[in-house]
Amino acid sequence: MSKRNNFIWKGIQVICWLIFFGYCIQTGALIFNYVFSLFKPIATHNLHLGLDLSELYLKNKSIYTLVFALIVAVSALKAYLFFVVLKLFKTLNLTKPFSENVSGIITKITYYTLSIGIISIIAQEVVSQLSDKGYNVGIVERYWSDGGAYLLMTAILFAIAFIFKKGIELQNENDLTV
């Protein structure tokens, strides 16, 4: 690999590490703030980066917990997705990229992006229903506003996973003929 390509490859890895750490910190902060808000309800006014679910907490703690569980689930899945992407970087051998391990990791990434997209869309619908019923959910939409993008990414990753499976077949066929 050329110096330029190697630099880009390492840059992408660094960016993935930063995103992974960012989502881990966000998920940890959200879990901490949720637990803290159960003991100190005053904390519901500023849970995470201006998120105010105090009215929801006062009206219905079960719905408050549901909304928070959706927020944490999406954030945790995004963190785990980037963990699996980092695992892909460690496993991928650019001289012989088509392997069962790489194909499996790409398939896992596909399933996690699909899960994020589906949970985000479900969360959007739940919050929309809550808003229609008069609950103030604040700016909670920002935690899953990219659900459609994750579904689109799922379609692209599914195609890449299919290409990798076909590449493995061709590589194995080629190894047998040589």
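Thresholds, definitions, all that
- Residues numbered from 1 in each chain as written.
- Predicted model: local features only at pLDDT ≥ 70, side-chain atom pairs only at ≥ 80, totals over all residues.
- Heavy atoms only, no water.
- Helix = DSSP H or I, 4+ residues; strand = E, 2+ residues; numbered from the N terminus.
- Rg over C-alpha atoms; globule rule 2.2 N^0.38 Å.
- Contact = heavy atoms within 4.5 Å.
- Core = buried A, V, L, I, M, F, W, Y, C linked by side-chain atoms within 4.5 Å.
- Buried < 20%, exposed > 50% of the residue type's maximum accessible area, 1.4 Å probe, protein only.
- Expected span 1.5 Å × (residues − 1).
- Axes fitted to C-alpha atoms, helices over the stretch in contact; angles between N-to-C directions.
- Parallel < 35°, antiparallel > 145°, perpendicular 65-115°, else oblique.
- Left-handed = near helix turned anticlockwise from the far one by under 90°.
- Nonpolar A, V, L, I, M, F, W, Y, C, P; charged D, E, K, R; others polar.
- 1 Å grid on protein atoms, 1.4 Å probe; cavity = no way out; pocket = protein on both sides within 12 Å on 5 of 7 lines; lining within 4 Å.
- Points joined across faces, edges and corners; volume = space filled by probe spheres on them.
- Salt bridge = Lys/Arg side-chain N within 4 Å of Asp/Glu carboxyl O.

(A) Here's a closer look at the overall build of the chain. Per the secondary structure count, the chain includes five helices and zero strands. N-terminal to C-terminal, the α/β element order of the chain is α-α-α-α-α. A compact globule built from 178 residues should have a C-alpha radius of gyration of about 16 Å, whereas the chain, at 21 Å, is more than 25% larger. Each principal axis of the C-alpha distribution contributes one length, and for the chain these read about 70 × 30 × 25 Å. Pairs at least 24 residues apart make up 72% of the contacts formed inside the chain by residues separated by at least 6 positions.

(B) Expanded view of the nonpolar core. The biggest cluster of nonpolar side chains holds 23 residues, and the ones touching the most others in it are Val 140 and Trp 144. Here this core gets eight residues from one element, more than from any other, and that element is helix 3 (residues 61–91). Setting aside residues no more than four positions away along its own chain, Trp 144 makes contact with Val 67, Leu 70, Ile 71, Val 74, Ser 120, Ala 123, Gln 124 and Val 127. Within the second largest apolar cluster, 22 residues are counted, among which are Leu 81, Phe 82, Leu 88 and Phe 164.

(C) The arrangement of the environment of Ala 73 in detail. Examined against the element boundaries, Ala 73 turns out to sit in helix 3. For the pair Ala 73 and Val 35, spaced 38 residues apart in sequence, the C-alpha separation works out to 15 Å.

(D) Looking closely at helix 4 (residues 100–132). Between its first and last C-alpha atoms helix 4 spans 48 Å; for 33 residues at 1.5 Å apiece the expected length is 48 Å, and the two agree. One or two positions beyond helix 4, positive phi appears at Gly 134, with a value near 100 degrees.

(E) Structural view of the packing of helix 3 against helix 4. Between helix 3 and helix 4, the least distance of the axes is 9 Å, while the angle of their chain directions is 160 degrees. Judged on the interaxial angle alone, helix 4 and helix 3 are roughly antiparallel. In the packing of helix 3 onto helix 4, the handedness of the crossing is left-handed. Across the contact of helix 3 with helix 4, the residue classes tally to 21 nonpolar, five polar and three charged.

(F) Expanded view of the layout of surface pockets. As a volume, the largest pocket reaches approximately 230 Å³. Leu 81, Phe 82, Val 85, Leu 88, Ile 106, Ile 109, Thr 113, Met 153, Ile 156, Leu 157, Ile 160 and Phe 164 are the residues that line the largest pocket. Of all elements in the fold, only helix 3, helix 4 and helix 5 (147–177) reach the threshold of two or more residues within the lining of the largest pocket. Counting residues per element, the lining of the largest pocket draws most heavily on helix 5, which supplies five residues. When grouped by side-chain class, the residues that make up the lining of the largest pocket number 11 nonpolar, one polar and no charged.

(G) Local environment of the pattern of salt bridges. Considering all chains together, one arrives at three salt bridges under this definition. The closest approach of N and O atoms between Lys 59 and Glu 55, which form a salt bridge, is 3.4 Å. Here the residue Lys 59 and the residue Glu 55 both occupy positions in helix 2 (residues 54–59), the gap between them amounting to four residues, near one helical turn. Accessibility expressed as a relative area gives 32% for Glu 55, which makes it partly exposed. The salt bridge involving Glu 169 is made with Lys 166; its shortest N-O contact spans 3.7 Å. In this pair, Glu 169 and Lys 166 both sit in helix 5, three residues apart, roughly one turn of the helix.

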